[in-house]
There are 2 protein chains.
Amino acid sequence: MDVIVPFTARDPKSRLAPVLSVAERREFAFEMLRDVVTAIEAAGHEPELLVPRPLDVTASPLETETVSETTERAGGAAEKPLADRSTTVDDRPLTPAVNGVLSRLADGDAAAVAIVMADLALATPTALHRLFGAGGDVAIAPGRGGGTNALVVRDPGFAVDYHGTSYRDHRRAAADAALSVGVVDSMRLATDVDEPGDLVEVLLHTDGRSAAWLRDAGFEVDDSESRVGVRRADE
Amino acid sequence: MDVIVPFTARDPKSRLAPVLSVAERREFAFEMLRDVVTAIEAAGHEPELLVPRPLDVTASPLETETVSETTERAGGAAEKPLADRSTTVDDRPLTPAVNGVLSRLADGDAAAVAIVMADLALATPTALHRLFGAGGDVAIAPGRGGGTNALVVRDPGFAVDYHGTSYRDHRRAAADAALSVGVVDSMRLATDVDEPGDLVEVLLHTDGRSAAWLRDAGFEVDDSESRVGVRRADE
C-alpha cells in the first residue's frame, strides 16, 4: 500500500492565526507532519510526502533540534529527517494532486493508495491499522464537519474532491461508481487540528512532538470554564 | 452489564438555544435519548434511564406520533415507549447520581456498569459493542473537549466526577486506584451533541429519529462556506 501525506508549508494552519504567529503555525504544522509520518511508519508503512514544491526543511527551525529530542524520546532510534523521506512534488491544488497519485491504481503501479492528512496529530499506529485494514473499495475516516481526513482507495474508478462536504461527496461518488465503502469510526482520525479549539485534543490525547511543541509554547488545558479549552500562559 | 443512560428533561441542551427554542430543544433531546436507547438495545443490552424525577413522557409532544414513525422505519417492530423503560430516579446532580448507580458494584448487584450519555445521537450498536467489549477495569470513550461520553466500570474502587476535564480526571483517578483503563477510539461516541456546530454531524452520520427531527425542523447540511455547518431553511 502506498501511503501518501499531502503537505504544504505555505501559510499552513491559517485558522490558528488567532493564537499562533505565522512562524509558529509553520513550526507546529511541521511537528504535526512529523507525528503523522512517525505513526504511519510505526504502523508498518513507508510514508510518502506529497508537496507542491520540494520541502525546504532548512526553513523549519526545529529540524536539527527536534531530531535529538526525538532520539531521546524514542529511546535511541534516530528519526529519519523529513528531507530524506520519499517525496512526490506536484504543484497543483490538493484535489488534482491527490488524483494524480491515485492514477497509480489504473497504471497498475499500486494495489491500494492511502491518503492521510498531515494535521492528524492524534493518529496512532492502532488507529492507522484500522484504516489500512478496513474493508471496501474505498475506506474513509471522516473528519469533524464532513471532511475526509484519511482514506484508502483500492479501485481506479474513484477520484477525490476535497471541496465542501467531501465525506458525503466521496460516499456518493463511490456509490455512483458501484464501489463498496468502509467507514472507520475513529475519534483520533476524525480530529484534524485546524482551529484553536482543536489544540486541547492534542494536549489531552497525545504525547508526541505536536503536544510537546504546544506545551513549550505555553499552552495548557484550561478547564476553568464549562467547556474545556486551552489557555496560553503569559510568556 | 447494567447500562445506564442519565437524562434530564429540564432545560436540556441549553447551548443549542441560538438555533432551537426551549420546546424544540426538549423535543430534540428526547429524540436523541430514544436513538441512544434504541442503539443500546440493538447492541444486546437493556437500557436503564437515570432521571432526577419520574419522566413525564406526556410532556414530550412526539411520544405518540414518533412511535408510529418508528414502527414504519424499523419495518414493523414497535418501539418500547420511554415510559415503559426501566428507570432509576435520583434527584441529585449527575456525578453523585451516577456514583449511586456505581455502588451496585460494591454491593455485588452488578459485575459491570456502563454509563452512556443521552446526547450521543451518533451511537450505533457497533460503536457500543466496542465500548462494552473494551478491556480495563474502567473503559472510557472520551468526548470532544475532554469529556467522558461513555464508560464501563468493572471495579467498585472507581467513582466518577463529571466536572471539568473529566476524561483526564477519570484516567488519573483510575491510575491512583491502580486500575487499568481501556480507551475507546470512536468518533461516534466522541460526538456529544451540545452546540449548533454539532448538528451537522447528526445529519451526516445518522439516519435515526434525531436526524429526522432536524430535517423536519428545516435543518440541512450547509457547505457553502469553507467549514461545513448547518443551515435552517426559512419556515
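Preceding block: the structure.
Residues numbered from 1 in each chain as written. Chains lettered and ligands numbered in written order. Predicted model: local features only at pLDDT ≥ 70, side-chain atom pairs only at ≥ 80, totals over all residues. Heavy atoms only, no water.

1. Topic: the environment of D107 of chain A
Residues and elements named next belong to chain A. If you trace the backbone, D107 turns up in helix α3 (residues 94-107). Given a relative accessible area of 52%, D107 falls into the exposed group. Taking C-alpha positions, D107 is 8.6 Å from P156, a pair spaced 49 residues apart along the chain. (Helix = DSSP H or I, 4+ residues; strand = E, 2+ residues; numbered from the N terminus. Buried < 20%, exposed > 50% of the residue type's maximum accessible area, 1.4 Å probe, protein only.)

2. What to know about the sheet that holds strand β7 (residues 181-183) of chain B
Residues and elements named next belong to chain B. Ordered in space as β3-β2-β1-β4-β6-β5-β7, the seven strands form an open sheet in which the pairing is mixed. Where the open sheet ends on each side, the last strands, each with one partner, are β3 (86-89) and β7. Between one strand axis and the next, the sheet turns by 25° as a mean value, whatever way the strands run. Summarising the sheet, strand β5 (residues 138-142) and β7 pair through three bridges and their orientation is parallel. The residue of β7 that forms the bridge with I140 is V183. Helix-sheet contacts for helix α1 (residues 22-42) involve β1 (2-6), β2 (47-51) and β4 (113-116), and the interaxial angle to β2 is about 145°. Packing against the sheet, helix α3 (residues 94-106) makes contact with β1, β2, β3, β4 and β6 (148-153), and its axis sits at approximately 170° to β1. (Pairing = 2+ DSSP bridges. Axes fitted to C-alpha atoms, helices over the stretch in contact; angles between N-to-C directions. Contact = heavy atoms within 4.5 Å.)

3. Considerations on the interface of chain B and chain A
Counting from both sides, the interface comprises 26 residues of chain B and, opposite them, 26 residues of chain A. For the pairing of chain B and chain A, the buried interface totals around 2500 Å² over both sides, and the portion due to carbon and sulfur atoms is 47%. D185 of chain B serves as the salt-bridge partner of R130 of chain A, at 3.6 Å between the closest nitrogen and oxygen. At the junction of chain B and chain A, the tally comes to 14 residue pairs in polar contact (both at pLDDT 80 or more). At the level of elements, α4 (125-133), α5 (166-176), α6 (187-190) and α7 (199-205) of chain B are the ones that each hand at least two residues to the side of chain B that touches chain A. (Buried area = accessible area lost by both parts, 1.4 Å probe. Salt bridge = Lys/Arg side-chain N within 4 Å of Asp/Glu carboxyl O. Polar contact = N/O pair within 3.5 Å; in protein donor to acceptor, adjacent residues only side chain to side chain.)

4. Focus: the pattern of salt bridges
When the charged atoms of two side chains with opposite charge come close together, those side chains can pair. All names here are of chain A. The tally for this structure, following the rule as stated, stands at 40 salt bridges over all chains. R34 serves as the salt-bridge partner of E31, at 2.8 Å between the closest nitrogen and oxygen. One end of the pair is E31 and the other is R34, both in helix α1 (residues 22-42) and three residues apart, which spans about a single turn. Among the residues examined, R34 registers a relative accessible area of 2% and is labelled buried. Salt bridges linked by common partners bring K13, R15, D119, D194 and E195 together as one network.

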